[in-house]
Amino acid sequence: MTEFWLISAPGEKTCQQTWDHMMVATTRTNNLSTNHKFNIPDLKVGTLDVLVGLSDELAKLDSFVESVVKKVAQYMADVLEDSRDKVQENLLANGVDLVTYITRFQWDMAKYPIKQSLKNISEIISKQVTQIDNDLKARASAYNNLKGNLQNLERKNAGSLLTRSLADIVKKEDFVLDSEYLITMLVVVPKTGYADWQKTYETLAEMVVPRSTNLLFEDHDSGLFSVTLFRKALDDFRHKARENKFTMRDFQYNEEELKADKEEMTRLSTDKKKQFGPLVRWLKVNFSEAFIAWVHIKALRVFVESVLRYGLPVNFQAMLLQPTKKTMKKLREVLNELYKHLDSSAAGIIDSAMDIPGLNLSQQEYYPYVYYKIDCNLLDFKL
């Protein structure tokens, strides 16, 4: 499982004791989770008012950054198309897989200097991730347009003979060109109607050139035949062909247009290949940046919430728990028993959503200890 519970509890005589008690409760007898200490540096506390305001701002920022992390991951999967199984190996943070990054988390002092106030650090993260979000929109839009135009052209060159482009099927020598009186038309004939076509095409109208039909191409259901006739017999021929379930395609051979279509296809295909490499590299780099920012926000939230709940001086142990699906319920009960003395009002709210009119708490979970979830399963599909 790739779900982690980031929790904190107040330091007892020492923070090590808090850790030891949690380890005994969750691993010594029942192995409910894999646990790691989560290192948060000595951040600047600021005033209580600032902390309360920041608590709300960080909750919003957390949701926003998570959404950007997921967007970048999902777009990586979209861009890699047939190589979706390779997506996970590209979703790294600081060059390591996400589980390793979280379980060995170290605060990035260069990106987020701890001499800055908590508010400043949150603003640095907000600006950074907003920029990634804006860049992603621009890059995705450009690449999607290119991909869409290419797919439209490819679609035109596939599908039924009744609708598909004929540019890559016909040749110049299939047509009578530059004649004042004669014209070559293309007719789609169902495979079951080949014999009827050969028998009747010369008599569908006057002035059809005898023995002028040729089968140019076949798909599963139909064949594409050419036929040459006098221009003035065209309307009559079209009408009679329709009556006999033969479909005429409106196609005039124009070498310049066909050449332009082929060149456009080649250009779009080349452009897509050129953009692919740099785009994947950008997505890898910025996924890493966004994910790292997201985990730092979780760290900030644990710090702020722990100070607000447990008071000053700062004295708490942050801990990262990785439960299994089977042990989640039992782990909740054990943690609740271990920490219920911290907040008796929260003890009865295990796994039940708080739904207070006017407060958007229905999606949040409240426990007697500080708790935030980090879910590393960031994609809509299972790899």
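Criteria and cut-off values
- Residues numbered from 1 in each chain as written.
- Predicted model: local features only at pLDDT ≥ 70, side-chain atom pairs only at ≥ 80, totals over all residues.
- Heavy atoms only, no water.
- Helix = DSSP H or I, 4+ residues; strand = E, 2+ residues; numbered from the N terminus.
- Rg over C-alpha atoms; globule rule 2.2 N^0.38 Å.
- Buried < 20%, exposed > 50% of the residue type's maximum accessible area, 1.4 Å probe, protein only.
- Contact = heavy atoms within 4.5 Å.
- Pairing = 2+ DSSP bridges.
- Axes fitted to C-alpha atoms, helices over the stretch in contact; angles between N-to-C directions.
- Polar contact = N/O pair within 3.5 Å; in protein donor to acceptor, adjacent residues only side chain to side chain.
- Expected span 1.5 Å × (residues − 1).

**Q** Could you give an account of the overall build of the protein chain, with specific residues and numbers?
**A** Looking only at helices and strands, the protein chain features 9 helices and 10 strands. The C-alpha radius of gyration of the protein chain comes to 34 Å, more than 25% above the 21 Å expected for a compact globule of 383 residues. If one aligns the C-alpha atoms of the protein chain with their principal axes, the spans along those axes are about 105 × 40 × 40 Å. Expressed as a percentage of the 383 residues in the protein chain, the buried residues total 44%. In the protein chain, of all internal contacts separated by at least 6 residues, the share reaching a separation of at least 24 is 78%.

**Q** Break down unusual backbone geometry for me, citing the residues and quoting the values.
**A** Omega for the peptide link from L312 to P313 comes to -5°, which places this bond in the cis form. Its location among the elements puts P313 in the loop between helix 8 (255-310) and strand 9 (316-323). The phi dihedral of N94 is positive, around 55°, even though this residue is not glycine. One can find N94 in the loop between strand 3 (92-93) and strand 4 (96-97). A relative accessible area of 53% places N94 in the exposed class.

**Q** Please set out the sheet that holds strand 1 (residues 3-10) residue by residue, giving values where relevant.
**A** Here we have 4 strands laid out as an open sheet, ordered 2-9-1-10, and antiparallel in their pairing. Of all the strands in the sheet, the pair left with one neighbour each is strand 2 (33-37) and strand 10 (370-375). Geometrically, the sheet is characterised by an average inter-axis angle of 25° between neighbouring strands, direction not taken into account. Of the pairings in the sheet, the one linking strand 1 to strand 9 comprises 6 bridges and is antiparallel in character. Looking at strand 9, one finds that L6 is bridged to L320.

**Q** Describe the side chain of N35, with residues and values.
**A** Mapped onto the fold, N35 is located in strand 2. Overall, the relative accessible area of 11% leaves N35 in the buried class. Within the structure, the side chain of N35 is placed 2.8 Å from the side chain of T26, a separation counted as a polar contact. Among the polar contacts listed, one links the side chain of N35 to the side chain of S33, at a separation of 2.7 Å. Non-local contacts of N35, meaning those with residues more than four positions away in its chain, are made with W19, M22, M23, T26, T27, L320, L321 and Q322.

**Q** An account of the environment of K156 is needed here, citing residue identities and associated values.
**A** Inspection of the secondary structure assignment puts K156 in helix 5 (residues 118-156). The spacing of K156 and L166 is 10 residues in sequence and 8.7 Å in space, taken between C-alpha atoms.

**Q** Can you break down helix 8 residue by residue, with the values?
**A** The end-to-end C-alpha separation of helix 8 is 79 Å, in line with the 82 Å expected for 56 residues at 1.5 Å each. Structurally, the start of helix 8 carries an N-cap: the backbone nitrogen of E256 is 3.0 Å from a side-chain oxygen of N254. Once helix 8 finishes, G311 follows within two positions and takes phi at roughly 80°, a positive value.

**Q** Tell me about the environment of T270, and name the residues and values.
**A** Locating T270 in the fold gives a position in helix 8. Note on T270: relative accessible area 37%, which makes it partly exposed. A sequence separation of 160 residues divides T270 from A110, and the C-alpha atoms of the two residues are 40 Å apart.

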